[in-house]
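One-letter residues, chain by chain:
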Amino acid sequence: MAKNLNFKSLDSLKSVENVINEASAALKDKSRTIAKSAIPEALAGAVGLGAGGAVGFAALYFGGSVVGLSAAGITSGLAAAGALVGGGMAAGVAVLAAPAVALGGAGYIIARNRKEKKLKQEKERLYNLALQKQQAIINELNHTASDANERIEYLTGLNVLLRQAIKELKEDLGK
């Protein structure tokens, strides 16, 4: 991961999921406002910042007992292994550790690649869901022009949070 990501882990995406869940609740309950929200501080901050620009989503929203392994056995084994490369016991450590290091490194790379793939898939899913919810919130805002100011502020705050989440997910996904 050479580039700086906005969301570096699955856990860091929980805040996006919370905003999407809040948007779903807002669309189901037409009387819901910031005061009834599960994320009132984030929404109040988003309303306060408005379209405030270069603030990140996270800022808006807020992680020798084994036989054969006696000292004598270990040192003689290390010395024998080190002799294979023209060295002593210290060289033996490198000779015997090399396969473990190589296998450990390969295992790490495989695990990291799987983790990165899963993270990317989750970002894609949340990105698409956030786009859908944002459009629904914008439609709701267009239909609630005559509603109470509290409801409009609430929907506007959700829109700001969704817009920022979409922007940062889009950056992470290279779109």
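Let us look at the structure shown here. As the structure is a computational prediction, the values presented were derived from the model and not from experiment.

1. Describing the overall build of the protein
For step 1, the next point in the chain: In terms of helices and strands, the protein carries six helices and zero strands.
For step 2, the next point in the chain: N-terminal to C-terminal, the α/β element order of the protein is α-α-α-α-α-α.
For step 3, the next point in the chain: Carbon and sulfur atoms make up 60% of the accessible area of the protein, which amounts to about 10,400 Å² in all.

2. Considering the pattern of salt bridges
For step 1, the next point in the chain: This structure, assessed with the given rule, holds nine salt bridges.
For step 2, the next point in the chain: For D172, the salt bridge goes to K123, with nearest N and O atoms at 2.8 Å. Taken as a pair, D172 in helix α6 (residues 149–173) and K123 in helix α5 (residues 89–143) lie far apart in primary sequence, 49 residues in all.
For step 3, the next point in the chain: When its relative accessible area of 8% is taken as the criterion, D172 is described as buried.
For step 4, the next point in the chain: Among the salt bridges present, the one from E140 reaches R151, with a minimum N-O distance of 3.3 Å.

3. Comments concerning α6
For step 1, the next point in the chain: Relative to the 36 Å expected for 25 residues at 1.5 Å per residue, α6 spans 36 Å between its end C-alpha atoms, a close match to the ideal helical length.
For step 2, the next point in the chain: Of the residues one or two after α6, G174 is the one with positive phi, at around 70°.

4. Some words on the environment of N128
For step 1, the next point in the chain: Mapped onto the elements of the fold, N128 is located in helix α5.
For step 2, the next point in the chain: Owing to a relative accessible area of 38%, N128 belongs among the partly exposed residues under this scheme.
For step 3, the next point in the chain: Sequence-wise, N128 and L169 are 41 residues apart; in three dimensions their C-alpha atoms are separated by 9.7 Å.

5. Looking at the side chain of R32
For step 1, the next point in the chain: Looking at the secondary structure, you find R32 in the loop between α1 (14–28) and α2 (40–49).
For step 2, the next point in the chain: For R32, a relative accessible area of 15% corresponds to the buried category.

6. A look at the packing of α1 against α6
For step 1, the next point in the chain: Across the interface, α1 lies against α6 with an axial gap of 10 Å and an inter-helix angle of 145°. Crossing of α1 over α6 shows left-handed handedness. Residues V16, V19, I20, E22, A23 and A26 of α1 form the contact with α6, whose own contacting residues are R151, Y154, L155, L158, L161, L162, A165 and L169.
For step 2, the next point in the chain: For the contact of α1 with α6, the per-class residue count stands at twelve nonpolar, no polar and two charged.

The rules we used
- Residues numbered from 1 in each chain as written.
- Predicted model: local features only at pLDDT ≥ 70, side-chain atom pairs only at ≥ 80, totals over all residues.
- Heavy atoms only, no water.
- Helix = DSSP H or I, 4+ residues; strand = E, 2+ residues; numbered from the N terminus.
- Areas by Shrake-Rupley, 256 points an atom, 1.4 Å probe, with all protein chains shown as cover.
- Salt bridge = Lys/Arg side-chain N within 4 Å of Asp/Glu carboxyl O.
- Buried < 20%, exposed > 50% of the residue type's maximum accessible area, 1.4 Å probe, protein only.
- Expected span 1.5 Å × (residues − 1).
- Axes fitted to C-alpha atoms, helices over the stretch in contact; angles between N-to-C directions.
- Left-handed = near helix turned anticlockwise from the far one by under 90°.
- Contact = heavy atoms within 4.5 Å.
- Nonpolar A, V, L, I, M, F, W, Y, C, P; charged D, E, K, R; others polar.

So, to be careful, I would describe these as geometric facts and stop short of saying anything about function.
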